[in-house]
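Remarks on the overall topology
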Amino acid sequence: MGNCMGIRNFCDRPKNTNVRWRLPAVCFVWQLSMIILFGVFDVHVMIFVGFGFLMTFLKRYSFGAVGFNFLIAAFGIQWALLMQGWFHSLDYTDGKIKIGVENLINADFCVAGCLIAYGAVLGKVSPVQLLVMTLFGITLFAVEEYIILNVLHAKDAGGSMVIHTFGAYYGLSISWVLYRPNLDKSKHLNGSVYQSDVFAMIGTLFLWMFWPSFNSAIADHGDGQHRAAINTYLALASTVLTTVAISSLFEKTGKLDMVHIQNSTLAGGVAVGTAAEFMLSPYGSLIVGFFCGIISTMGYIHFSPFLEEKLKIQDTCGIHNLHAMPGVIGGIVGAISAAAATNTVYGDLGLENTFDFTGPFAKRVPTIQGGYQAAGLCVALCFAIGGGIFVGLVLKLPIWGDPADENCFDDEIYWEVPEDEESVPPIVAYNNHMIPNKHVKNVQQTSA
Amino acid sequence: MGNCMGIRNFCDRPKNTNVRWRLPAVCFVWQLSMIILFGVFDVHVMIFVGFGFLMTFLKRYSFGAVGFNFLIAAFGIQWALLMQGWFHSLDYTDGKIKIGVENLINADFCVAGCLIAYGAVLGKVSPVQLLVMTLFGITLFAVEEYIILNVLHAKDAGGSMVIHTFGAYYGLSISWVLYRPNLDKSKHLNGSVYQSDVFAMIGTLFLWMFWPSFNSAIADHGDGQHRAAINTYLALASTVLTTVAISSLFEKTGKLDMVHIQNSTLAGGVAVGTAAEFMLSPYGSLIVGFFCGIISTMGYIHFSPFLEEKLKIQDTCGIHNLHAMPGVIGGIVGAISAAAATNTVYGDLGLENTFDFTGPFAKRVPTIQGGYQAAGLCVALCFAIGGGIFVGLVLKLPIWGDPADENCFDDEIYWEVPEDEESVPPIVAYNNHMIPNKHVKNVQQTSA
Amino acid sequence: MGNCMGIRNFCDRPKNTNVRWRLPAVCFVWQLSMIILFGVFDVHVMIFVGFGFLMTFLKRYSFGAVGFNFLIAAFGIQWALLMQGWFHSLDYTDGKIKIGVENLINADFCVAGCLIAYGAVLGKVSPVQLLVMTLFGITLFAVEEYIILNVLHAKDAGGSMVIHTFGAYYGLSISWVLYRPNLDKSKHLNGSVYQSDVFAMIGTLFLWMFWPSFNSAIADHGDGQHRAAINTYLALASTVLTTVAISSLFEKTGKLDMVHIQNSTLAGGVAVGTAAEFMLSPYGSLIVGFFCGIISTMGYIHFSPFLEEKLKIQDTCGIHNLHAMPGVIGGIVGAISAAAATNTVYGDLGLENTFDFTGPFAKRVPTIQGGYQAAGLCVALCFAIGGGIFVGLVLKLPIWGDPADENCFDDEIYWEVPEDEESVPPIVAYNNHMIPNKHVKNVQQTSA
């Protein structure tokens with residue numbers, strides 16, 4: 001950053017006071033760095049705390065949820081930095097990859113796709129399989145993203161297509177190939193307990209809060225970024241209410257289901273991912289959020305059982321309802337919004353700025369852009385399903401140490417779980433220094 | 001934002017290098033946007049994670065605490081955006097409400113008042129009642145805020161009066177109208193367990209950490225904002241120590257009570273809400289925090305039982321100790337600090353800038369301002385108590401699906417709680433795949 | 001801040017349009033304030049949530065972990081503000097201490113050292129002892145920091161020496177003096193349960209995510225700060241993978257141990273603390289992280305038992321593995337990187353800027369700087385061990401109310417723990433409103 005050097009000189013030698021170029025440059029570069037730098041941490045919180053805790057809802061797979069999420073993210077970030085470096089630095093003459101703060105945020109985005117995919121196979125694969133899945137996932141992501149954003153020049157700031165559609169169908173395809181007909185052997189572990197549901201809400205809330213940052217992190221700075229944040233915020237707020245409404249409507253006696261509150265409340269953020277930076281208007285965002293809350297919650301109630309029974313896709317976290325359907329909706333909403341964009345709404349230079357109709361794409365018009373957006377959605381689907389089936393076949397090889405059907409959803413397999421449950425009744429895991437004996441004593445007394 | 005357009009032009013057409021007006025404008029607008037944008041997320045964390053988890057302390061109402069908090073906030077934000085839009089856009093000719101990032105932070109502030117009120121009725125009302133309470137609460141808030149800040153021109157950056165006093169007395173008045181003489185039927189659920197207290201500490205810490213952001217978010221940018229953050233920080237630090245001291249002093253054998261640590265440690269932040277942006281001085285902030293820690297903790301020990309037994313106000317979270325008393329203290333401290341402000345302390349333009357003695361208020365002097373601050377406190381109290389009694393009467397109608405006295409504080413009523421406790425002993429909720437049988441077997445062996 | 005005044009004048013009286021000096025000054029000061037302001041909160045999150053929750057892993061000491069951490073931090077911050085004020089304001093003529101936002105972040109750094117030390121004695125000391133330990137710890141820290149950073153002019157942005165080495169050996173020395181030969185009397189409580197391990201992961205993840213902010217918070221703004229963030233990020237990512245590898249390699253049947261995942265994954269961040277702002281290169285950071293993950297995890301497996309049995313140092317959280325060893329490594333890496341720095345790598349003014357070779361240190365060269373860095377490490381060790389032994393002896397006085405050997409690691413001693421375990425079996429702490437009777441009834445029926 002030669003600019004920073006410039007400003008130092010300027011402090012030392014005050015005679016040259018012409019800062020017309022250097023000062024704006026420094027202000028710009030610094031401000032952009034700060035935006036990106038804070039964006040990184042915000043997005044970081046979603047990746048590590050958000051995704052990690054969202055998956056802790058299973059009663060005995062919280063270590064796996066938060067721990068393997070951590071492992072995937074830490075590995076994926078590094079691999080993504082390399083992949084992106086190779087992809088975007090082919091013209092560099094020294095062959096070295098430069099890592100700036102911007103790359104870190106892109107790496108987080110890459111990783112998000114793999115973490116979404118993890119949701120489909122949660123509890124059914126080994127950490128080795130997860131690393132393999134991440135290795136291929138990041139690679140596929142980098143190619144797919146390059147084609148959609150650079151070749152097709154589609155816009156996808158929040159990644160409805162690039163991240164959510166890709167990640168979800170990648171995971172679902174893998175889960176389809178790895179179908180376990182006898183998974184009900186571990187059915188007793190495939191559910192939540194009271195505390196694990198509260199832990200999962202930590203994930204939900206951190207995802208919900210920072211989703212506007214996520215969707216606006218790589219949007220065009222300035223107007224586009226503000227629009228993306230506000231549109232996402234409104235879509236999310238709207239989704240919460242329809243999720244609660246549908247959850248209560250379809251459950252017996254109008255009770256709410258934690259699974260819906262934990263997941264479907266986020267669907268609006270997924271669905272405005274592509275269109276968030278467009279002139280969707282508050283009204284449009286609220287409508288998208290409204291319908292996504294309904295569709296996602298209905299998905300959990302009606303579509304997930306169908307997926308498992310008819311299509312043989314076992315989807316532990318219900319990513320089809322949270323990421324796949326809303327992601328596809330997001331892609332379609334994006335294509336329509338782009339096709340419908342006019343100079344009247346966007347202002348004089350707004351269209352050019354929002355869609356980057358510059359350079360080789362200078363002659364594009366909104367309707368054509370809408371077609372390319374739709375093409376982008378197809379590319380995401382093809383890479384996800386094709387790649388997922390291939391990776392699923394690789395993961396079917398009997399060398400990866402995956403758990404038996406009766407050991408799925410059980411941390412015991414890959415973790416040293418405190419309190420050996422064979423010797424001490426698990427109740428005492430809660431407070432083992434007095435109960436075991438006491439308890440047994442009580443029993444003896446009672447029976448005496 | 002025409003400014004952003006300006007800077008783009010400047011990039012495209014470098015011939016016009018006169019950026020004297022455009023560059024400062026862009027720098028300013030961007031920097032302010034960033035401050036506000038990050039402010040939004042910080043405040044967001046308080047609203048969703050802070051308030052939500054603070055109320056998870058009840059052993060079987062964590063779903064309700066964090067889930068209904070989420071619902072109230074998501075609905076309240078939208079309603080607040082509309083209310084504020086109507087209030088502040090009467091002079092717009094096109095009748096449309098413009099939503100900028102500044103509005104989002106104000107919406108969070110509105111919602112905070114309603115979430116405080118929720119603390120008083122936690123576990124005793126239905127989600128429908130909560131939505132009604134939020135609808136009226138936001139409406140009252142918008143009017144009350146307009147009168148205090150715009151008509152009276154009182155200053156209240158951290159909302160001691162506007163948010164805390166209003167929110168707390170609004171909730172307490174509702175709770176008074178909804179008094180349940182037989183609430184002890186669900187006494188066994190009106191308490192914490194070990195893990196729920198740890199969850200509540202998540203709420204406490206996120207509130208504590210981001211309170212300086214909250215109090216400084218709408219303070220005058222620059223000096224005032226820094227002062228607000230530092231004063232709040234010091235008041236909070238001081239409160240922690242006196243809370244620990246009083247908690248230990250009044251409990252048998254000097255033990256600490258988690259209820260005090262979770263709540264009273266935040267009282268200092270409430271009490272410097274109004275005066276935080278004034279020249280309170282570090283010394284003054286520490287003193288305010290010192291006394292608020294004492295008063296709030298003493299409130300939990302002595303005043304809450306009195307409130308319930310004599311005044312018939314059942315206050316689940318003790319918001320009288322955390323928000324009502326410190327809020328009123330904050331209003332009084334603010335009035336005194338304003339009345340005592342002098343040019344000597346604030347510097348040449350400091351008084352004008354801090355108190356905005358401009359336009360129609362150009363002739364105000366500090367002593368008069370102090371009077372208006374006190375008037376603001378009265379307005380907050382009137383709206384809170386009057387509005388609360390009215391809304392309480394509305395909520396007394398037998399149509400809202402509120403729980404019976406013996407079902408208060410129980411998530412079972414409104415949530416699908418994992419593990420049906422009728423058929424399986426709740427212990428096994430912790431790990432139900434091996435104990436039930438085993439346990440029974442053990443017992444049989446012992447008794448054989 | 002006269003600059004802000006300047007800009008106000010500029011708005012009121014537009015005739016004087018010469019902003020060449022004022023505008024850059026305002027931009028700079030504001031931007032730096034923002035960086036620092038957000039830095040404060042980020043670091044705050046580490047201090048209160050990160051350290052607090054990291055120590056909740058014990059089954060019955062979560063209140064003590066998060067509550068006493070809160071107390072230490074709130075007291076320590078205030079004491080640190082005073083200590084730093086006295087140290088850096090000797091030349092002020094009015095004798096008053098000015099508190100700016102920069103001071104708050106430094107106070108957080110001071111406190112971090114004491115919280116690290118708390119990890120060694122967790123569960124074995126009284127809150128009064130913790131306050132005494134903090135009082136002396138902050139004082140020693142302020143002197144040690146002054147000598148290392150100002151007198152020796154060593155660089156230590158992330159505090160490998162100043163914070164981690166000092167804090168860890170300070171705590172270990174105190175623990176050595178307070179050695180309890182009969183600590184195994186409370187062995188049954190010195191371990192985790194399932195939920196407490198999940199709570200601890202909240203701490204781990206917040207520390208992990210914000211560590212780049214921590215290491216870069218006081219680095220030279222601009223280049224140095226970006227480098228510090230990126231280097232830390234890469235070191236941390238690398239550490240996660242080697243920690244998982246070693247944990248799996250040395251545990252029976254390849255299982256992972258939560259203790260390692262919670263702690264060793266952070267070792268890379270400690271070890272790049274000093275060198276993070278140097279030209280360590282991504283490659284170097286990855287290598288440092290790689291080896292620290294190995295060393296730290298091996299430390300938990302092999303070195304901690306040795307420390308306890310042979311050296312009589314009881315280290316509850318294993319801070320020797322997370323802070324002491326990586327901190328010393330960080331100091332050495334820093335000394336070597338400094339000694340090896342060349343103009344070729346750092347660019348023309350890079351050396352001067354990175355190492356602040358200005359004023360009285362204008363003649364320093366990298367090799368000499370390397371020597372001073374090593375001297376800094378020695379100073380940190382001397383202050384830590386000497387100070388720790390002295391404070392340990394003070395804490396051995398029988399007046400501080402520390403727990404008996406059989407009551408260590410038990411919240412019961414200092415906290416009102418919900419649910420009296422004498423009268424009700426602890427299982428029902430999970431849900432006590434129906435089990436006790438039922439359960440006993442079941443047993444009776446079985447035995448009948």
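Residues numbered from 1 in each chain as written. Chains lettered and ligands numbered in written order. Predicted model: local features only at pLDDT ≥ 70, side-chain atom pairs only at ≥ 80, totals over all residues. Heavy atoms only, no water.

**Quick word on the overall build of chain A**
- Within chain A, the regular secondary structure consists of 16 helices and zero strands.
- Evaluated residue by residue, chain A yields a buried proportion of 65% over its 448 residues.
- Put simply, 81% of the contacts in chain A that link residues at least 6 apart link residues at least 24 apart.
- Just so you have it, chain A exposes about 15,200 Å², and 64% of that area is on carbon and sulfur atoms. (Helix = DSSP H or I, 4+ residues; strand = E, 2+ residues; numbered from the N terminus. Buried < 20%, exposed > 50% of the residue type's maximum accessible area, 1.4 Å probe, protein only. Contact = heavy atoms within 4.5 Å. Areas by Shrake-Rupley, 256 points an atom, 1.4 Å probe, with all protein chains shown as cover.)

**So, the packing of helix α4 (residues 101-121) of chain B against helix α5 (residues 127-151) of chain B**
Residue and element names in this part refer to chain B.
- In the contact formed by α4 and α5, the axes pass within 9 Å of each other and the chain directions differ by 135 degrees. Between α4 and α5, the angle falls in the class oblique. Here α4 runs over α5; the crossing is right-handed. Side by side, α4 and α5 meet where F109, C110, V111, C114, A117, Y118 and V121 of the first sit next to L130, M133, T134, G137, I138 and F141 of the second. (Axes fitted to C-alpha atoms, helices over the stretch in contact; angles between N-to-C directions. Parallel < 35°, antiparallel > 145°, perpendicular 65-115°, else oblique. Left-handed = near helix turned anticlockwise from the far one by under 90°.)

**A few points about the pattern of salt bridges**
Residues and elements named next belong to chain B.
- Under the counting rule described, the total for this entry stands at 12 salt bridges over all chains.
- Where D356 meets K155, a salt bridge forms, and the shortest distance between an N and an O atom there is 3.2 Å. Pair noted here: D356 is in the loop between α14 (350-355) and α15 (366-396) and K155 is in the loop between α5 and α6 (160-177), with a separation of 201 residues, a long-range link.
- Note that D402 is salt-bridged to R180, the shortest N-O span being 3.8 Å. (Salt bridge = Lys/Arg side-chain N within 4 Å of Asp/Glu carboxyl O.)

**Thoughts on the packing of aromatic side chains**
- Inspection of every chain in the model, using the stated rule, returns 63 aromatic pairs over all chains.
- Measuring from centroid to centroid gives 4.5 Å for A:F63 and C:Y194, while their planes differ by 15 degrees, and the two rings are stacked. Residue A:F63 is located in helix α3 (residues 62-88), and its partner C:Y194 is located in helix α7 (residues 194-217); the two belong to separate chains.
- With centroids separated by 4.5 Å and ring planes inclined at 15 degrees, the aromatic side chains of B:F109 and B:F214 adopt a geometry described as stacked. Within this pair, whereas B:F109 is found in helix α4, its partner B:F214 is found in helix α7 (residues 194-217), the two being separated by 105 residues in sequence. With respect to class, B:F109 is no different from B:F214; both count as buried.
- Grouped by ring-pair contacts, the aromatic residues A:F53, A:F199, B:F53, B:F199, C:F53 and C:F199 constitute a single cluster.
- When the ring centre of B:Y372 is taken as reference, the NZ or CZ atom of B:R364 above it lies at 3.7 Å.
- Across the ring face of B:Y194, the terminal group of C:R60 is positioned such that the distance to the ring centre comes to 4.1 Å. (Phe/Tyr/Trp six-rings, centres within 6.5 Å; stacked < 30°, edge-to-face > 60°. Lys NZ or Arg CZ within 6 Å of the ring centre and 35° of its normal.)

**A short note on the environment of C:G392**
Residue and element names in this part refer to chain C.
- Within the element layout of this structure, G392 appears in helix α15 (residues 366-396).
- We classify G392 as buried; its relative accessible area is 0%.
- The sequence separation of G392 and Y179 amounts to 213 residues, and the corresponding C-alpha distance is 9.8 Å.

**Re helix α8 (residues 223-250) of chain B**
- With 28 residues, α8(B) extends 41 Å between its outermost C-alpha atoms, agreeing within 8% with the 40 Å of an ideal straight helix rising 1.5 Å per residue.
- The buried fraction of α8(B) amounts to 22 of the 28 residues, a majority that puts the element mostly inside the structure. (Expected span 1.5 Å × (residues − 1).)

**Describing the confidence of the model for chain A**
All names here are of chain A.
- Chain-level pLDDT for chain A is 82 on average; 81% of the residues reach the 70-or-more range.
- Per-element mean pLDDT across chain A ranges from 33 in helix α16 (residues 435-447) up to 96 in helix α6 (residues 160-177).
- A low-confidence stretch, residues 1-15 stays under pLDDT 50, and its non-local contacts, those more than four residues away or across chains, total 21 contacts.
- Note on residues 420-448: pLDDT under 50 across the span, and 59 contacts to partners over four residues away in sequence or across chains. (pLDDT = per-residue confidence, 0-100.)

**Considering the nonpolar core**
- Formed by 345 residues in total, the largest nonpolar core has its most connected members in A:I202, A:F206, B:I202, B:F206, C:F53, C:I202 and C:F206.
- Dropping the residues within four chain positions of it, C:I202 is found in contact with A:F53, A:F199, A:I202, B:I202, C:V49 and C:F53. (Core = buried A, V, L, I, M, F, W, Y, C linked by side-chain atoms within 4.5 Å.)

**Section: the UniProt feature "transmembrane region" (unreviewed entry) in chain A**
Residues and elements named next belong to chain A.
- Feature annotation in UniProt places "transmembrane region" (unreviewed entry) on residues 61-82, 128-149, 161-179, 199-218, 230-250, 283-303, 324-346 and 374-395, given in this structure's numbering.
- Each end of residues 128-149 is marked by a C-alpha atom, and these two atoms are 31 Å apart; helix forms 100% of the span and strand 0%.
- Helix makes up 100% of residues 283-303 and strand 0%, whereas the separation of the span's terminal C-alpha atoms amounts to 28 Å. (UniProt positions renumbered as here; feature names shortened; annotations may be inferred.)

**Side note on the side chain of B:R180**
All names here are of chain B.
- Checked against the element boundaries, R180 lands in the loop between α6 and α7.
- Residue classification places R180 among the buried positions, given a relative accessible area of 9%.
- Residues within four places of R180 in sequence aside, it is in contact with K124, Q314, D402, P403, A404, D405 and C408.

**Side note on unusual backbone geometry**
- With phi around 60 degrees, A:K312 is a residue other than glycine that occupies positive phi space.
- Judged by its relative accessible area of 36%, A:K312 is partly exposed.
- We note that B:F409 has phi near 60 degrees; this positive angle belongs to a residue other than glycine.
- For B:F409, the position within the fold is in the loop between α15 and α16 (435-447).
- By relative accessible area, which is 1% here, B:F409 ends up buried.

**Quick notes on a nonpolar patch on the surface**
Residues and elements named next belong to chain A.
- The grouping of Y283, I287, F290, F291 and I295 at the surface amounts to a nonpolar patch, some 510 Å² of accessible area in total.
- With respect to the helices and strands, the residue F290 is situated in helix α11 (residues 281-309).
- Judged by its relative accessible area of 40%, F290 is partly exposed. (Patch = residues over 30% accessible without salt bridge, like charges linked within 9 Å, V, L, I, M, F, W, Y side chains within 5 Å.)

**Some thoughts on the packing of helix α6 (residues 160-177) of chain C against helix α12 (residues 319-339) of chain C**
Residues and elements named next belong to chain C.
- The contact between α6 and α12 brings their axes to 8 Å, and the two run at 140 degrees. Between α6 and α12, the angle falls in the class oblique. When the axes of α6 and α12 are compared, the crossing they make is left-handed. Every residue of α12 that contacts α6 at S160, M161, H164, T165, A168, Y169 and L172 is listed here: I319, H320, H323, A324, G327, V328, G330 and G331.
- A class-by-class count of the residues in the contact of α6 with α12 yields seven nonpolar, eight polar and no charged. (Nonpolar A, V, L, I, M, F, W, Y, C, P; charged D, E, K, R; others polar.)

**Focus: the environment of B:G269**
All names here are of chain B.
- Here G269 shows up in helix α10 (residues 267-271).
- Each C-alpha atom of the pair G269 and P212 lies 7.7 Å from the other, and the pair is 57 residues apart in sequence.
- Residues contacting G269, with those up to four places away along its chain left out, are W211, N215, T232 and L236.

**Overview of the environment of C:T56**
Residue and element names in this part refer to chain C.
- Among the secondary structure elements, T56 is positioned in the loop between α2 (22-54) and α3 (62-88).
- Along the chain, T56 and D197 lie 141 residues apart, while their C-alpha atoms are 7.5 Å from each other.
- Beyond its immediate chain neighbours, meaning those up to four positions away, T56 contacts S62, A65, V66, S196, F199 and A200.
- At 2.6 Å, the side chain of T56 and the backbone oxygen of F53 are in polar contact. (Polar contact = N/O pair within 3.5 Å; in protein donor to acceptor, adjacent residues only side chain to side chain.)

**Structural notes on the state of the cysteines**
- According to the stated counting rule, one finds zero disulfides over all chains in the structure shown.
- A:C378 takes part in no disulfide bond, and the closest cysteine sulfur, belonging to A:C382, lies 6.5 Å away. (Disulfide = S-S within 2.5 Å.)

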